Amino acid sequence: MPSFNFKPQFCAAIRSGHKRQTIRARGKRPAPAVGQIAHLYAGLGTLAVSHLGEHPITSVEDIQISTRNNTVRMVRGNAWYDLEEDAVEQLANDDGFNSAAEFFAFFKDEFGPTFSGYLIKW
C-alpha cells in the first residue's frame, strides 16, 4: 500500500485529475508496483492531513534528472535515453509545473544537481 505525501502546490492539480503522476526518489523501500493502490495525501503526519484520493498505479519507470544541464533520462528497452525538449516540457506539465524551467528549479531546490528515482503514474 504505497502512500504519497504532496506539497500544497500540487493538491489542486491532483484533485482535478490534471496531475496523475509523481516522481519519487529511490529509497529503502522497494519501488511501488503496477496494480498497487496509491494513497495520496497532503499534510501527512499533521493534524491538517488531507486525503487526495486512491488510484491504481498504471506504470513505474526509472528516471534521472540533471539540474546541471537540465536533462531528463529514462529507460527505453534496456537503455537509457535523453528526453527531447518537448517531452521534458510535457513531463513537467503532467507533473504539475507550468514549465520545464519551474520543474528543474524545484528539483534543484529539493534534491540538488542530480536526482534518481521513479516516475509513478496512476
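Remember, it's a predicted structure, so these values are computed and weren't measured experimentally. (Residues numbered from 1 in each chain as written. Predicted model: local features only at pLDDT ≥ 70, side-chain atom pairs only at ≥ 80, totals over all residues. Heavy atoms only, no water.)

Some points on the sheet that holds strand β3 (residues 37-42)
Read from one edge to the other, the open sheet built from three strands follows the order β1-β3-β4, with strand pairing classed as mixed. Where the open sheet ends on each side, the last strands, each with one partner, are β1 (3-6) and β4 (50-56). Averaged over all pairs of adjacent strands, the angle between strand axes in this sheet comes to 25°, irrespective of strand direction. One ladder, built from six bridges, connects β3 with β4; its direction is antiparallel. Within β4, the position partnered with leucine 40 by the bridge is glycine 53. (Pairing = 2+ DSSP bridges. Helix = DSSP H or I, 4+ residues; strand = E, 2+ residues; numbered from the N terminus. Axes fitted to C-alpha atoms, helices over the stretch in contact; angles between N-to-C directions.)

As for the UniProt feature "domain: HTH araC/xylS-type" (unreviewed entry) in the chain
UniProt's feature table lists "domain: HTH araC/xylS-type" (unreviewed entry) at residues 73-121, given in the numbering used throughout. Helix makes up 45% of residues 73-121 and strand 33%, whereas the separation of the span's terminal C-alpha atoms amounts to 17 Å. (UniProt positions renumbered as here; feature names shortened; annotations may be inferred.)

Quick word on unusual backbone geometry
Of note in the backbone geometry, asparagine 70 takes a positive phi value of approximately 50° without being a glycine. In this structure, asparagine 70 sits in the loop between β5 (59-66) and β6 (71-76).

Description of the side chain of threonine 22
Following the sequence through the fold, threonine 22 ends up in strand β2 (residues 21-25). Only 2.8 Å separates the side chain of threonine 22 from the side chain of arginine 24, close enough to count as a polar contact. (Polar contact = N/O pair within 3.5 Å; in protein donor to acceptor, adjacent residues only side chain to side chain.)

Here's the deal with the nonpolar core
Core analysis: the largest hydrophobic core is formed by 30 residues, its most contacted members being Ile23, Ile63, Ile65, Val72 and Phe103. For this core, the elements supplying multiple residues, two or more each, are β1, α1 (11-16), β3, β5, β6, α2 (85-94), α3 (100-111) and β8 (114-121). The biggest single contributor to this core is α3, with five residues. Apart from residues no more than four positions distant in its own chain, isoleucine 65 is found in contact with Ile23, Thr71, Val72, Phe103, Phe104, Phe107, Pro113, Thr114 and Phe115. (Core = buried A, V, L, I, M, F, W, Y, C linked by side-chain atoms within 4.5 Å. Buried < 20%, exposed > 50% of the residue type's maximum accessible area, 1.4 Å probe, protein only. Contact = heavy atoms within 4.5 Å.)

Regarding a negative patch on the surface
On the surface, Glu84, Glu85, Asp86 and Glu89 cluster together to form a negatively charged patch. Assignment of secondary structure puts aspartate 86 in helix α2. Judged by relative accessible area, which is 59%, aspartate 86 ranks as exposed. (Patch = residues over 30% accessible without salt bridge, like charges linked within 9 Å, V, L, I, M, F, W, Y side chains within 5 Å. Areas by Shrake-Rupley, 256 points an atom, 1.4 Å probe, with all protein chains shown as cover. Salt bridge = Lys/Arg side-chain N within 4 Å of Asp/Glu carboxyl O. Lys, Arg positive; Asp, Glu negative; His and termini not counted. Charge placed at Lys NZ, Arg CZ, Asp CG, Glu CD.)

Points about the pattern of salt bridges
Scanning the entire structure with this criterion turns up four salt bridges. We note a salt bridge from aspartate 95 to lysine 19, for which the minimum N-O separation is 2.8 Å. Taken together, the residues span a long stretch of sequence, with aspartate 95 in the loop between α2 and α3 and lysine 19 in the loop between α1 and β2 at a distance of 76 residues.

Notes on α2
The complete set of buried residues in α2 reads Val88, Leu91 and Ala92. One side of α2 holds all its buried residues, which, seen down the axis, span an arc of 100°. Residues of α2 that are buried sit in contact with β2, β5, β6, α3 and β8. The first or second residue beyond α2 is glycine 96, which carries a positive phi of 100°. (Arc of directions from axis to C-beta.)

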